[in-house]
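The primary structure of each chain is shown beneath.
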Amino acid sequence: MKKRSGVFSVSFSVGFATGLYGISFGALSEASGLDIWQTCALSLLMFSGGSQFAFIGVLGSGGLAALPTAIASAWLLGVRNGFYAVTMSSILGKLGWRKPVAAQLTIDESTAVALSRDSLEQRRGFWLTGGFVFLFWNAMTLLGAWFGESIGNPSDWGLDAAAAAAFVALVWPRLTESKLRFTAFLSIIFSAFISPYVAVGVPVLLSAVLAVIIWLIPVRRKP
Amino acid sequence: MTLWTGLLLASLAVYSWKFIGSLVPSKALDHPRMAQLVSLITVALMSGLIGIQTLITDRQVELDSRLPAVLVAIALTVMRLPFIFVVAVAALVAAGLRFLLGWP
């Protein structure tokens, strides 16, 4: 069992498991007052789970009057994709016309899979995972919007734990030095600790601020 | 503003981060110090996500079946077991605890 999973099967399973959450999104979006076209357009065009759930969440509780707040929340929650895009553009190299496509596929999952692979497989990991998540996320959004919650709750199948476990398995190989391990450990505790006091999505962003502070701490070398 | 206008504006706003980030020249990461910063931020964002996905429900800390499942996943990852196996066992642990023991 020492053999690592191939990049194709990792990408496929991440895409499929993430995609299943599209059912929840589709169903919730309908419940928030969006029609099926609007729901599907959000998954196609916004394509960023956190931002999408925030958008429909604000609309669901505030109605059309809350539209500016909904836009602002979605925008704020999208910041982390910008950081991922910086990392990914150096890995993906020159892209030409595919650059805007790669940008749209730059999300938590595609970045995490790419970074967990050896340099030869990073590009394949990004495109495959981004492609599979896009495919399944949009297909499942349609299903969820069509059938509603009757399909079932992803957490009944343990998918909520699977999503967290996937990120654990993807981030672990990256923790090659003590500063990275320290940052990872602190971010997990910190984001959970401040969650009750700030808006949804903000804890993860504040983890990035934590990373900058840790970055500024000089590493003392033993003489 | 109609819902459609708002939806398109919000999508464009979310896309703008992705696209602007991709325009940062990769030369900026050539310096080891900058590369370290980007790598620290990426690890922090993903670890923050792990914390939220494992411990938080509706902005409150909720210790439920996810925590044992993720702890098992950490153990299996340390043992260098394949990715698919780690994720499948985590799902099984959480679903099993809920279904058999009625845990939240």
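Residues numbered from 1 in each chain as written. Chains lettered and ligands numbered in written order. Predicted model: local features only at pLDDT ≥ 70, side-chain atom pairs only at ≥ 80, totals over all residues. Heavy atoms only, no water.

J.: I'd like a rundown of the overall build of chain A, residues and numbers included.
T.: Along chain A, the regular secondary structure elements total 11 helices and 0 strands. Starting at the N terminus, the α and β elements of chain A follow one another as α-α-α-α-α-α-α-α-α-α-α. Here the C-alpha atoms of chain A give a radius of gyration of 18 Å, agreeing with the 17 Å that 2.2 N^0.38 yields for 223 residues. In terms of overall dimensions, chain A has a C-alpha envelope of 65 × 40 × 40 Å along the principal axes. Put simply, chain A has 223 residues, and 55% of those count as buried. In chain A, once contacts between residues fewer than 6 apart in sequence are set aside, the share between residues at least 24 apart is 71%. Total accessible area on chain A is roughly 10300 Å²; 70% of this is exposed by carbon and sulfur atoms. (Helix = DSSP H or I, 4+ residues; strand = E, 2+ residues; numbered from the N terminus. Rg over C-alpha atoms; globule rule 2.2 N^0.38 Å. Buried < 20%, exposed > 50% of the residue type's maximum accessible area, 1.4 Å probe, protein only. Contact = heavy atoms within 4.5 Å. Areas by Shrake-Rupley, 256 points an atom, 1.4 Å probe, with all protein chains shown as cover.)

J.: Can you lay out helix α1 (residues 7–31) of chain A for me, pointing to particular residues and giving the numbers?
T.: When the terminal C-alpha atoms of α1(A) are compared, their 37 Å separation across 25 residues agrees well with the 36 Å that a helix rising 1.5 Å per residue should span. Looking one or two places after α1(A), you find A:Gly33, whose phi comes out positive at around 105°. (Expected span 1.5 Å × (residues − 1).)

J.: Just give me the short version of the side chain of A:Ser110, but keep the residues and values in it.
T.: Residue and element names in this part refer to chain A. Looking at the element boundaries, Ser110 is found in helix α7 (residues 108–116). Within the structure, Ser110 has its side chain in polar contact with the backbone oxygen of Leu105 (distance 2.7 Å). If we ignore the near neighbours within four places in the chain, the residues touching Ser110 are Leu105, Phe126, Thr129 and Gly130. (Polar contact = N/O pair within 3.5 Å; in protein donor to acceptor, adjacent residues only side chain to side chain.)

J.: Lay out the interface of chain B and chain A in plain terms, naming residues and giving numbers.
T.: Facing 69 residues of chain B, the contacting portion of chain A comprises 90 residues. Where chain B packs against chain A, one counts 1 salt bridge. With a closest N to O distance of 2.8 Å, B:Arg98 and A:Asp160 form a salt bridge. Seen at the junction of chain B and chain A, the total is 13 residue pairs in polar contact (both at pLDDT 80 or more). Those elements that place two or more of their residues in the side of chain B that touches chain A are α1 (3–23), α2 (32–55), β2 (60–61), α3 (66–78) and α4 (83–101) of chain B. A total of 21 residues in the side of chain B that touches chain A trace back to one element, the largest contributor, which is α2(B). (Salt bridge = Lys/Arg side-chain N within 4 Å of Asp/Glu carboxyl O.)

J.: Got a sec to walk through the domain arrangement of chain A? Specific residues and values, please.
T.: Residues and elements named next belong to chain A. Domain boundaries assigned for chain A yield domain 1 (7–173) and domain 2 (175–223). One C-alpha centre belongs to domain 1, the other to domain 2; they are set 23 Å apart. On the domain 2 side, the residues contacting the 7 residues of domain 1 number 7 residues. For domain 1, the biggest contributors to the area lost against domain 2 are Leu76, Leu77 and Arg80; these three give 52% of the whole. Linking domain 1 to domain 2 there are 0 salt bridges. At the junction of domain 1 and domain 2, the tally comes to 1 residue pair in polar contact (both at pLDDT 80 or more). Those elements giving two or more residues to the side of domain 1 that touches domain 2 turn out to be α4 (67–77) and α5 (79–92). Residues of the side of domain 1 that touches domain 2, tallied by class, amount to 6 nonpolar, no polar and 1 charged. (Domains from an automatic or database assignment. Buried area = accessible area lost by both parts, 1.4 Å probe. Nonpolar A, V, L, I, M, F, W, Y, C, P; charged D, E, K, R; others polar.)

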